[in-house]
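Coordinates in review
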Amino acid sequence: MTLVDVSSVSTGLFITGALFILLIFSLLSFGILQMFQRRVRAGWYSFAGAVVSGVAFGLILNEWFV
């Protein structure tokens, strides 16, 4: 393994990535929690929100940072 130089990563890319990763994984964990509490509809809405957030993240990355 070698060292990776992350100094060329822009601040905007880092903040965007961090926010979307927090959003996606919090929606996924909230969906799992809702499923365990037998609130199936709210759980599926959380899963759908995570998918929509993932697609939006991909589109934003493609449009602004590539």
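Above this text sits the structure in question.
In short, a report on the structure. Every value quoted in this text rests on a predicted model; they were computed, and no experiment measured them. (Residues numbered from 1 in each chain as written. Predicted model: local features only at pLDDT ≥ 70, side-chain atom pairs only at ≥ 80, totals over all residues. Heavy atoms only, no water.)

**Comments concerning the overall build of the protein chain**
Under the convention used in this document: Think of it this way: any DSSP run of H or I at least four residues long counts as a helix, any run of E at least two long counts as a strand, and we number them from the N terminus. The quantity called the radius of gyration is restricted to C-alpha atoms. Its globule counterpart is 2.2 Å times the number of residues to the power 0.38. Exposed residues in this analysis have more than 50% of their type's maximum accessible area, buried residues have under 20%, and partly exposed residues fall in between, with area computed by a 1.4 Å probe over protein chains only. Residue contacts follow a heavy-atom distance rule, with two residues in contact if any of their heavy atoms lie within 4.5 Å. The Shrake-Rupley method, run with a 1.4 Å probe, gives the accessible areas here. Residue values count only the displayed protein chains as cover.
For the protein chain, the count of helices and strands is two helices and zero strands. Against the globule reference of 11 Å for 66 residues, the protein chain gives a C-alpha radius of gyration of 15 Å, more extended than a compact globule. Projected onto the principal axes, the alpha-carbon positions of the protein chain cover approximately 45 × 30 × 20 Å. For the protein chain, buried positions account for 18% of its 66 residues. Within the protein chain, contacts between residues at least 6 apart in sequence are counted, and of these 53% link residues at least 24 apart. Accessible surface for the protein chain amounts to roughly 5,400 Å². Of this, 72% is attributable to carbon and sulfur atoms.

**Some points on the packing of aromatic side chains**
The geometry of two aromatic rings is summed up by the distance between their centres and the angle between their planes. What counts, and what does not: Ring pairs shown here join Phe, Tyr and Trp side chains whose ring centres sit within 6.5 Å, with only the six-membered ring taken for Trp; geometry is labelled stacked below 30 degrees between planes, edge-to-face above 60, and tilted in between.
Scanning all chains against the criterion turns up two aromatic pairs. An angle of 75° between the planes, with centres 5.5 Å apart, marks the rings of W44 and F47 as edge-to-face. You can see W44 and its partner F47 sitting in helix α2 (residues 40-65), three residues apart, about one turn around the helix. Relative accessible area serves as the criterion here: at 54%, W44 is assigned to the exposed category.

**Points about helix α1 (residues 11-36)**
Operational definition: One less than the residue count of a helix, multiplied by 1.5 Å, gives the span that helix is expected to have.
For α1, spanning 26 residues, the distance from its first C-alpha to its last is 38 Å, which sits close to the expected 38 Å at 1.5 Å a residue. Within α1, the full set of buried residues consists of T16, G17, F20, I24, G31 and Q34. Where α1 ends, the next residue or the one after it, R38, has phi of about 65°, a positive value.

**What to know about the side chain of T16**
Along the chain, T16 turns up in helix α1. Sequence-distant contacts of T16, that is, excluding residues within four places in its chain, are made with F57, I60 and F65.

**Here we look at α2**
Taking 1.5 Å of rise per residue, the 26 residues of α2 would be expected to cover 38 Å, and the 36 Å separating its terminal C-alpha atoms lies within 8% of that figure. Restricting attention to buried positions, one finds in α2 the residues G43, S46, F47, A50, S53 and F57. In this structure, the buried residues of α2 make contact with α1.

Keep in mind these values describe shape, not function.
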